[in-house]
Amino acid sequence: MPNVISTDICIVGAGPVGLFAVFEAGLLKLRCHVVDALAQPGGQLTEIYPKKPIYDIPGFPEVLAGDLVDNLMKQIEPFHPTFTMGERVERFAKLDDGTFQLYTTDGTEIQCKAVAIAGGLGSFEPRKPAVENLERFEGGKGVHYMVRDPERFRGKKIVIAGGGDSALDWTNFLANVASEVTLVHRGTTFRGAADSAEKVQKLHEAGKIKLVLSSNVTHLHGNGHLQEVTITGNDGVAETVPLDAFVPLFGLTPKLGPIGEWGLGLENDAVKVNTLDYSTSTPGVFAIGDINTYPGKLKLILCGFHEAALMCQGAFKYIYPDKKYTLKYTTVNGVPTL
Amino acid sequence: MENDIRIYVEEAPGQRRELEAPTDMGLSLMELLKANDYPIQAACGGMALCATCHVEVLAGPALPEPQDAELDMLETLPHVYEGSRLSCQIRLHPHTDGLVVRIAG
Ligand SMILES: Cc1cc2nc3c(=O)[nH]c(=O)nc-3n(C[C@H](O)[C@H](O)[C@H](O)COP(=O)(O)OP(=O)(O)OC[C@H]3O[C@@H](n4cnc5c(N)ncnc54)[C@H](O)[C@@H]3O)c2cc1C
Ligand code: FES
């Protein structure tokens, strides 16, 4: 049975703009469900620059990108939005009654009255190493590009590949969960956070993990499910290791992805919108933040926030064509909850 | 132009396109490649944070050594080459005249 969710607005993208749209929708008493391909909210702020200070958010002379996301999450709490994280929205269909049905990569279905695309630069997709047969073992057959649920690896033999922070962090974490962890890195040093690299080294010295440097995972083998990997050293010497899961962690890179195929007017990989309410060429579908384009567009968080406020007015009118909404300031109402 | 240098982009093995580049505008190689419509996303705008501007330097003059931020980012990529660099970290300068690169993706 697919997981079916029903809501007023489905927001595609949990970047800063998608998150703030939840707040603006909440003020209009519209319920939101948010979907993001990443396991955690924040979009570019979390994925590319969590520790960078931002200086152009009104009222915050300086705020770290990661803290801004935490604050946005706190700000929308009263509206109880629901989330589907780690799944990409693949398809959407407009039904005869003007509502929408969205489908994710993992089979979740979202029924909603309006769609707000806040997809930024596109969904963040894993960088894939050049390993023979990689795709054959995707989709639950042994290759995992993200650790969404560490419990899945309890008691399992896993091989992690990569040399960045996430490879180090997950090696350290899963050392206590999996029955065997091997970290394969093509270099000889780790340039990630010094303390995580040190921890990996200590676990290796204590015999709790295996560390294979100057090497790459080059082949995957298995019958239906992944069973073995070949690890080849830079010197050409190869070794085959049995395992249950291969976790290549080489960072993520944004790709426009399916949004480009939804029949919305596009220009240079961005969705064209009407600046009256940030509606797209499909009535009931709106696009806000970095994903949209119009004359004078600036790709800034501040501008996305403004677009979110106007978009919600447009979505309200689409959902309730006969209801009149009289704008009240939040200071008059307080922050209402749903 | 007097300040212009030449950069070569290897589009296929043995097939090089010549780009003329000004050196008096403080441009990076990433900006030059983007301006010439190469498929470089440069999501972070040149801050050595996204690695979407990865190139392989094939030949040409010696470049300044990469700094820590660039090395950190290159470390996270699944494949790198001997001449791997982030093009946003390479300034166009009279000393970079004749550089040959390939978009590494
Ligand atoms: C290094 C750097 C520094 C910056 N500094 C500033 C600054 O100081 N001030 C400023 O205002 N702006 C800054 N920006 C720009 C700012 O980050 C963007 O304007 C902002 O992130 C846009 O927010 P967004 O919510 O539209 O998109 P994003 O942050 O890109 O989030 C979009 C989300 O949508 C998801 N998504 C996309 N497609 C799908 C799909 N089909 N299914 C599921 N999920 C999907 C993605 O996974 C992503 O999480 C900076 C950007 C960078 C890279
Ligand atoms: S543009 Fe992001 S690393 Fe070069």
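Per an unreviewed UniProt entry, the recorded name for chain B is Ferredoxin, and the organism is Hymenobacter nivis. Checking UniProt for chain B, the heading Sequence similarities (unreviewed entry) contains the comment "Belongs to the adrenodoxin/putidaredoxin family."

Going by an unreviewed UniProt entry, chain A carries the name Ferredoxin--NADP reductase and comes from Hymenobacter nivis. According to the UniProt record, the Subunit (unreviewed entry) comment for chain A is "Homodimer." Under the UniProt heading Sequence similarities (unreviewed entry), the note attached to chain A is "Belongs to the ferredoxin--NADP reductase type 2 family."

Asks: Can you walk me through the overall build of chain B in this structure?
Replies: Scanning chain B for helices and strands turns up two helices and five strands. Helices and strands appear in chain B in the N-to-C order β-β-α-β-α-β-β. Computed over the C-alpha atoms, the radius of gyration of chain B is 13 Å, within 12% of the 13 Å expected from 2.2 N^0.38 for a compact globule of 105 residues. Seen along its three principal axes, the alpha-carbon backbone of chain B occupies a region of about 40 × 30 × 25 Å.

Asks: I tried to follow the pattern of salt bridges on my own but got confused; where do I start?
Replies: Side-chain pairs of opposite charge can arise where the charged atoms are in close proximity. All names here are of chain A. Per the counting criterion, the structure on display carries 19 salt bridges over all chains. In this structure, the salt-bridge partner of Lys113 is Asp8, at a minimum N-O distance of 3.0 Å. With Lys113 in strand β8 (residues 109-117) and Asp8 in strand β1 (residues 4-12), the pair connects residues that are 105 residues apart, well separated along the chain. Across the pair Arg88 and Glu125 runs a salt bridge whose closest N-O atoms are separated by 3.1 Å. With Arg88 in the loop between β5 (82-85) and β6 (89-94) and Glu125 in strand β9 (residues 123-126), this pair connects stretches of sequence that are 37 residues apart. Its relative accessible area of 22% is what places Arg88 among the partly exposed residues. We classify Glu125 as buried; its relative accessible area is 17%.

Asks: Can you walk me through the sheet that holds strand β5 (residues 99-103) of chain B in this structure?
Replies: The pairing of strands in a sheet comes from backbone hydrogen bonds and takes either a parallel or an antiparallel form. Residue and element names in this part refer to chain B. The five strands are arranged β2-β1-β5-β3-β4 in an open sheet whose pairing can be described as mixed. Taken across any chain shown, the strands that pair with only one partner, and hence form the sheet edges, are β2 (15-21) and β4 (84-86). Each strand axis lies, on average, 40° off the axis of its neighbour in the sheet, ignoring direction. Pairing of strand β3 (residues 54-59) with β4 involves three bridges; the strand directions are antiparallel. When the sheet's bridge partners are listed, His54 is paired in β4 with Leu86. Each of β3 and β4 is contacted by helix α2 (residues 68-75), which is oriented at about 120° to β4, the strand it contacts most.

Rules and cut-offs
Residues numbered from 1 in each chain as written. Chains lettered and ligands numbered in written order. Predicted model: local features only at pLDDT ≥ 70, side-chain atom pairs only at ≥ 80, totals over all residues. Heavy atoms only, no water. UniProt positions renumbered as here; feature names shortened; annotations may be inferred. Helix = DSSP H or I, 4+ residues; strand = E, 2+ residues; numbered from the N terminus. Rg over C-alpha atoms; globule rule 2.2 N^0.38 Å. Salt bridge = Lys/Arg side-chain N within 4 Å of Asp/Glu carboxyl O. Buried < 20%, exposed > 50% of the residue type's maximum accessible area, 1.4 Å probe, protein only. Pairing = 2+ DSSP bridges. Axes fitted to C-alpha atoms, helices over the stretch in contact; angles between N-to-C directions. Contact = heavy atoms within 4.5 Å.

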